[in-house]
Amino acid sequence: MAKVTYDAQSFSLDRRRLWLVSAAMHYPRIPRGLWRDRIRAAKQAGFNCIETYAFWNAHEPEPGVFDFTDNLDVRRFVEIVAEEGMFCWFRPGPYVCAEWDNGGLPPWLHRVKPDRRSGAMRLREGSGPFLSAVSRYYSAVMEQVADLQVTRPVAQGRPAASPTRNTPGAVAGGFAGQGAGPIVLLQVENEWFCRNDEQEEAYHQQLIRLLREAGAEVPLTVCNQLWQPVDGTIHTWNASANLPADLRQLAAVQPDAPRLVSEYWTGWFDHWGGEHADTVDAGKHFYRMAAVLAAGSQPNLFMFHGGTNFGFTGGRTVGGPSMYMTTSYDYDAPLLEAGGRAGKYDLTKRIATFASQFGGVFAHLEPAAHAVAVAPDEGDHPPSVIHQRGGRGGVTFILRSPNDKQKQATLLLPNGLSLPVPLGGLRAVWLLTDTPLSGGVTLDYTNLSPLAWVDDRLLVLYGPAGAGGLVSLDGAQVEVTVPTGKTPKVEHVNGVTLLVLNPAMADAGYAHPEGWVVGARALDQHDEPLPRRGWPTRTLVMPGGEVTKTKQSAMRRPTAPSLDAWQAAGCDAHLDGSARDYTVTKGPAAFDDLGRDYDYGYGWARLRLPESSAAKAVKAISPGSGDRLHVYRGGKFERLVGLSVGGNGLAPAPLRGAGEWVVLIDNLGRFNYGPRVGERKGLLDHFYAVEPVRLPKPKRRPQNGPDPFALAGYVPQQRRGDVRPAEAWVWHVKPAGRRPVVLELNAPLRDAVVKVNGEPVAVWHHEGSAGFQRFVLDPADDGPFNGGQNELELAFFTPAERDAAKPADAGVRLWQTTANLTAKAEWAYAPWSPPAEDAYAPGTMPKNAKAFDRPTWYRATFRVAGTRCPLFFDADGLSKGQLYLNARNVGRYFVQTRDGQDVPPQRRYYLPEPWLNLDGDNVLTLFDEHGFSPHRSSLVYDELGPYG
């Protein structure tokens with residue numbers, strides 16, 4: 001049986017050292033028919049490993065009911081990784097974050113009944129019910145992939161999942177079919193940013209035990225930024241900037257394991273109402289990748305390819321009250337949402353190809369040999385030269401600030417030779433010295449950056465156009481001039497073919513089965529070069545130096561199809577409350593209490609109020625409900641309530657009682673990160689008429705910081721036992737008429753424990769709570785709040801700053817409920833789903849944007865002749881809703897509010913090629929929450945996607 005081991009520098013598979021250059025992509029965010037295309041795009045960019053999460057809530061939609069079919073066929077995804085000759089880093093959770101709904105945790109966890117011995121369900125800690133559910137999930141997901149670990153022998157009668165193609169040099173050091181599969185690492189949990197040593201044994205060690213019992217054999221990693229030591233695992237690091245310093249510190253703390261960046265963030269996610277996140281431009285990204293390698297670390301690019309939040313899978317995150325993920329998970333990643341390759345891909349390809357091709361150099365470096373260097377801090381700094389050496393030679397990186405105008409640097413090599421290094425406009429330059437290449441050749445030195453060593457004969461190098469290059473092989477030096485045009489330079493020295501490229505050629509170059517091709521934008525499924533715009537001729541250089549040139553022309557963008565004959569279907573039966581699928585309930589209910597049909601997306605609620613209810617409008621709230629509540633009274637629109645863009649914000653909404661209310665409940669995504677992971681969705685509370693309570697200036701009470709672990713075993717950003725001098729703010733509150741009061745906290749505030757009459761009831765994280773949260777304090781509940789005088793306390797973890805805001809301006813509000821508007825209502829719920837086929841009525845669509853001013857379904861057809869270029873739906877003129885292609889849920893769209901306010905950043909939505917019909921009609925279906933007309937919407941071909 002094979003075995004994966006490691007030391008302070010690298011991993012080894014049966015004593016063969018590995019150097020992982022990893023690309024992150026998530027199989028549920030990529031249509032199954034495109035898995036190989038996206039994996040091959042990573043392989044062509046030089047990566048030798050694919051990292052992916054497994055999403056628990058996708059695989060186990062109901063307790064004990066598992067789905068590993070279609071887009072969730074994780075086994076097939078991992079097999080394709082192996083077939084492409086790459087390793088796999090598998091991260092099964094149970095919690096994964098990833099901007100995915102609920103961080104991957106199933107919403108049905110709230111339906112699990114409390115265990116008599118171990119109590120109620122407590123997420124992400126050593127809770128018996130939670131660990132029991134995790135055990136079942138681990139067993140199921142590992143049953144799919146356990147035998148695809150590199151440690152497993154090939155099963156009798158089944159061939160090894162060896163590469164189907166041999167592309168010379170594409171994935172040096174990659175998986176080569178030596179075991180049953182490519183999985184070389186497994187991660188346990190994710191981003192557990194808390195220090196509670198009790199949970200190390202009660203939770204983390206139990207997860208390790210469960211994963212090992214389910215068949216895990218390879219090394220296990222964790223990425224909690226060293227918050228919590230976890231014995232038996234390798235700590236990794238997640239970050240974007242400052243990585244050289246962080247990774248040196250990681251090596252000092254963990255000297256016996258290799259340095260891994262489990263998430264080097266190549267970009268960032270987008271949220272509705274924000275601008276497209278393009279904060280990491282291609283040059284900065286190139287610099288940061290080089291800095292990771294200069295620190296002797298193995299990178300995982302999160303994300304290399306983001307993909308799409310299909311359906312309702314996009315989550316919600318911290319940083320504001322309406323941070324809901326867009327449908328595009330483009331992430332400003334090197335490989336764009338629809339598979340496009342732009343500047344960031346090209347620069348990624350340069351350095352990833354070098355890192356994997358010469359992985360043997362990195363894997364044999366001396367792990368403790370970190371010389372003092374100018375700190376690369378991404379601002380203005382002198383060129384930073386970082387040199388490391390080991391048993392397979394030395395590697396030197398020159399990292400430069402964006403404002404450095406130096407054209408050349410002179411390095412003093414260990415043998416005393418002065419080596420002039422042309423810099424040009426490159427922010428990162430790398431060199432190799434004393435490096436033995438396969439075939440018995442030694443690269444003594446070069447002042448150009450190596451890219452690849454192909455077939456033991458072809459050395460590919462690049463440098464600034466027009467620069468003078470020096471290459472010494474086995475003591476023989478040759479001088480070359482880097483070409484300035486589009487024709488590569490070929491030289492011969494000591495039986496080695498030198499292929500010298502400028503940066504543009506490097507970006508247009510790919511490893512090819514016959515050598516190295518220049519002038520391509522990609523290789524197709526048959527390894528044939530695809531034409532690159534601006535390159536009328538492509539050049540193939542073979543290992544022996546033979547050169548062939550081929551004329552080519554780039555693909556023209558096809559004419560986009562038109563959308564024919566829009567039809568509409570209303571939601572009248574649900575809006576007027578007559579739909580037969582309404583089911584009467586006892587009162588407010590969370591979606592996760594109502595069953596699987598309500599777990600994601602929308603739901604309908606019908607509230608029949610007695611005629612005695614007040615008909616006059618009053619200011620009302622439903623404290624724990626969200627994210628958007630479309631309230632209809634008597635079938636007519638009354639109010640949109642909620643925190644997201646287009647809602648009423650934080651203020652109570654004017655609502656009238658009496659008659660019949662229908663509420664379209666919109667779940668825009670559960671928290672994927674922070675202390676409120678596991679939040680519940682739906683119409684959770686009654687509607688209360690409220691009046692503001694004027695809070696006096698609080699009494700400030702110096703005291704030690706509170707113990708938040710009295711409430712939970714996992715409290716983000718806190719250390720158990722870390723008690724410091726702090727303070728508390730105290731008010732005294734007496735509810736009027738023994739009615740509930742609503743405590744509202746709105747940023748900015750410091751982290752605190754909310755206490756009532758000395759008893760902790762909640763932890764408030766001013767950032768982690770998304771800047772806004774309401775707590776209902778009801779004297780009728782079995783809790784510390786009573787109908788008399790109550791002490792309300794915010795026990796802060798830290799003392800006030802000198803310039804702290806006045807309490808009245810610090811975001812603490814109190815609302816006194818004056819009436820429960822829906823206490824005597826008959827409550828009923830109905831699931832939301834597309835209408836029947838015969839519900840659509842043909843007709844001319846009105847040009848007025850607000851065609852119906854009520855939830856409406858639309859449908860149109862179109863035809864396509866091919867799938868050479870990605871197709872997008874431009875939602876111009878619509879409001880917010882859901883998009884389907886041939887009955888597949890593409891995802892949410894949100895382009896404007898009911899009153900016409902523009903909602904950035906996404907207007908175009910990807911229609912995946914495998915979901916298109918080429919031999920008949922394609923059906924595009926929309927659900928528009930406000931019934932805006934789709935007459936301005938259209939189909940668009942675009943290689944670069946929604947932000948290209």
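Our structure is the block above this text.
The text that follows walks through the structure, step by step, so that each part is easy to find. Just so it is clear, the model here is predicted, and its values are computed rather than measured.

Take the overall build of the protein next. Scanning the protein from terminus to terminus reveals 12 helices and 58 strands. Here the protein has a C-alpha radius of gyration of 30 Å; the compact-globule value for 948 residues is 30 Å, and the two agree. The principal-axis extents of the C-alpha atoms in the protein amount to approximately 100 × 70 × 60 Å. Within the protein, buried positions represent 62% of all 948 residues. About 34,600 Å² of surface is accessible on the protein, with carbon and sulfur atoms providing 49% of the total. Each charge sign in the protein was given a centre, from 99 positive and 102 negative side chains, and these centres are 3 Å apart.

Turning our attention to the packing of helix α4 (residues 128-145) against helix α5 (residues 197-213). The angle between the axes and the distance between the axes are what describe a pair of packed helices. Where α4 contacts α5, the axes come no closer than 9 Å and their chain directions differ by 30°. In terms of axis orientation, α4 runs roughly parallel to α5. Every pair of crossing elements has a handedness; the one defined by α4 and α5 is right-handed. Contacts between α4 and α5 involve Phe130, Leu131, Val134, Ser135, Tyr138 and Met142 from the former and Ala202, Tyr203, Gln206, Leu207, Leu210 and Leu211 from the latter. Its residues placed into classes, the contact of α4 with α5 shows 10 nonpolar, two polar and no charged.

A few words on the side chain of Asn71. With respect to the helices and strands, Asn71 occurs in the loop between α2 (56-59) and α3 (74-83). When its relative accessible area of 12% is taken as the criterion, Asn71 is described as buried. From its side chain, Asn71 meets the backbone oxygen of Pro28 in a polar contact 3.2 Å long. Apart from residues lying up to four places away in sequence, Asn71 is in contact with Tyr27, Pro28, Ile30, Pro31, Arg32 and Trp35.

Turning next to α4. Relative to the 26 Å expected for 18 residues at 1.5 Å per residue, α4 spans 26 Å between its end C-alpha atoms, a close match to the ideal helical length. Those residues of α4 not exposed but buried are Pro129, Phe130, Leu131, Ala133, Val134, Tyr137, Tyr138, Ala140, Val141, Met142, Gln144 and Val145. The secondary structure elements touched by the buried residues of α4 are α2, α3, β6 (87-91), β7 (183-187) and α5.

What follows covers the sheet that holds strand β47 (residues 772-777). One open sheet accounts for six strands, arranged β38-β35-β41-β49-β44-β47; its pairing is antiparallel. The sheet terminates laterally at β38 (653-655) and β47, the two strands that pair on one side only. Strand-to-strand, the axes of this sheet are offset by a mean angle of 45°, without reference to chain direction. As defined by bridge partners, strand β35 (residues 618-621) adjoins β38 across three bridges and the pair is classed as antiparallel. Within the sheet, the bridge partner assigned to Val618 lies in β38 and is Leu655.

With that out of the way, let us pick up the pattern of salt bridges. According to the stated counting rule, one finds 62 salt bridges in the structure shown. The shortest N-O distance in the salt bridge between Arg111 and Asp599 comes to 3.5 Å. With Arg111 in the loop between β6 and α4 and Asp599 in the loop between α12 (591-594) and β34 (602-609), this pair connects stretches of sequence that are 488 residues apart. A residue is classified by how much of its surface remains accessible, and Arg111, at 29% relative accessible area, is partly exposed.

A few words now on the sheet that holds strand β11 (residues 260-265). The strand order across the open sheet built from nine strands is β9-β8-β7-β6-β5-β4-β12-β11-β10, with neighbouring strands paired in parallel fashion. Sheet topology places β9 (234-235) and β10 (237-239) at the edges, where each strand pairs with a single neighbour. Summarising the sheet, strand β5 (residues 49-53) and β6 pair through five bridges and their orientation is parallel. Residue pairing in the sheet places Cys49 in a bridge with Phe87 of β6. Docked against the sheet, α3 engages β5, β6 and β7, running at close to 150° with respect to β6.

Glancing now at unusual backbone geometry. Residue Pro94 is bonded to the preceding Gly93 through a cis peptide linkage, with omega at 20°. In this fold, Pro94 is placed in the loop between β6 and α4. Met303 follows Phe302 through a cis peptide bond whose omega is 0°. Mapping Met303 onto the fold places it in the loop between β12 (298-302) and α8 (343-357). The phi angle at Ala565 is positive, at roughly 50°, despite the residue not being glycine. Here Ala565 shows up in strand β31 (residues 564-570). According to the relative accessible area criterion, Ala565 is exposed, its value standing at 63%.

Attention shifts here to the nonpolar core. Within the largest apolar cluster, 175 residues are counted, with the highest numbers of intra-cluster contacts made by Phe47, Phe304, Leu473 and Trp516. Residue contributions to this core peak at 10 residues, all from α4. With 33 residues, the next largest nonpolar core counts Phe310, Met555, Leu878 and Val890 among its residues.

Evaluated as defined, the whole model comprises 48 aromatic pairs. On the basis of an interplanar angle of 65° and a centroid distance of 6.2 Å, the ring pair of Tyr53 and Phe55 is categorised as edge-to-face. Here Tyr53 matches Phe55 in class, with each residue buried. Cluster of aromatic residues (ring-pair linked, three or more members): Tyr53, Phe55, Trp100, Trp265, Trp268, Phe269, Phe302, Tyr329 and Tyr331. We note Arg29 situated over the ring of Tyr329; from NZ or CZ to the ring centre the distance is 3.7 Å. Lying across the ring of Tyr510, Lys349 places its NZ or CZ 4.5 Å from the centre.

Burial along strand β53 (residues 871-874) is two-sided: the face carrying Leu871 and Phe873 and the face carrying Phe872 and Asp874 are both buried. Relative to strand β56 (residues 908-911), β53 runs antiparallel, the two sharing four bridges. Residue pairing across strands places Phe872 opposite Tyr910, the latter belonging to β56. Strand direction decides the pairing type here: β53 and strand β58 (residues 938-941), joined by four bridges, are antiparallel. Bridged to Phe873 within β58 is Leu939.

Attention shifts here to the environment of Pro558. Note that Pro558 resides in the loop between β30 (547-551) and β31. A relative accessible area of 24% means that Pro558 is categorised as partly exposed. Along the chain, Pro558 and Glu727 lie 169 residues apart, while their C-alpha atoms are 66 Å from each other. Setting aside chain neighbours within four positions, we find Pro558 in contact with Arg868, Cys869 and Tyr941.

About the criteria used
Residues numbered from 1 in each chain as written. Predicted model: local features only at pLDDT ≥ 70, side-chain atom pairs only at ≥ 80, totals over all residues. Heavy atoms only, no water. Helix = DSSP H or I, 4+ residues; strand = E, 2+ residues; numbered from the N terminus. Rg over C-alpha atoms; globule rule 2.2 N^0.38 Å. Buried < 20%, exposed > 50% of the residue type's maximum accessible area, 1.4 Å probe, protein only. Areas by Shrake-Rupley, 256 points an atom, 1.4 Å probe, with all protein chains shown as cover. Lys, Arg positive; Asp, Glu negative; His and termini not counted. Charge placed at Lys NZ, Arg CZ, Asp CG, Glu CD. Axes fitted to C-alpha atoms, helices over the stretch in contact; angles between N-to-C directions. Parallel < 35°, antiparallel > 145°, perpendicular 65-115°, else oblique. Left-handed = near helix turned anticlockwise from the far one by under 90°. Contact = heavy atoms within 4.5 Å. Nonpolar A, V, L, I, M, F, W, Y, C, P; charged D, E, K, R; others polar. Polar contact = N/O pair within 3.5 Å; in protein donor to acceptor, adjacent residues only side chain to side chain. Expected span 1.5 Å × (residues − 1). Pairing = 2+ DSSP bridges. Salt bridge = Lys/Arg side-chain N within 4 Å of Asp/Glu carboxyl O. Core = buried A, V, L, I, M, F, W, Y, C linked by side-chain atoms within 4.5 Å. Phe/Tyr/Trp six-rings, centres within 6.5 Å; stacked < 30°, edge-to-face > 60°. Lys NZ or Arg CZ within 6 Å of the ring centre and 35° of its normal.

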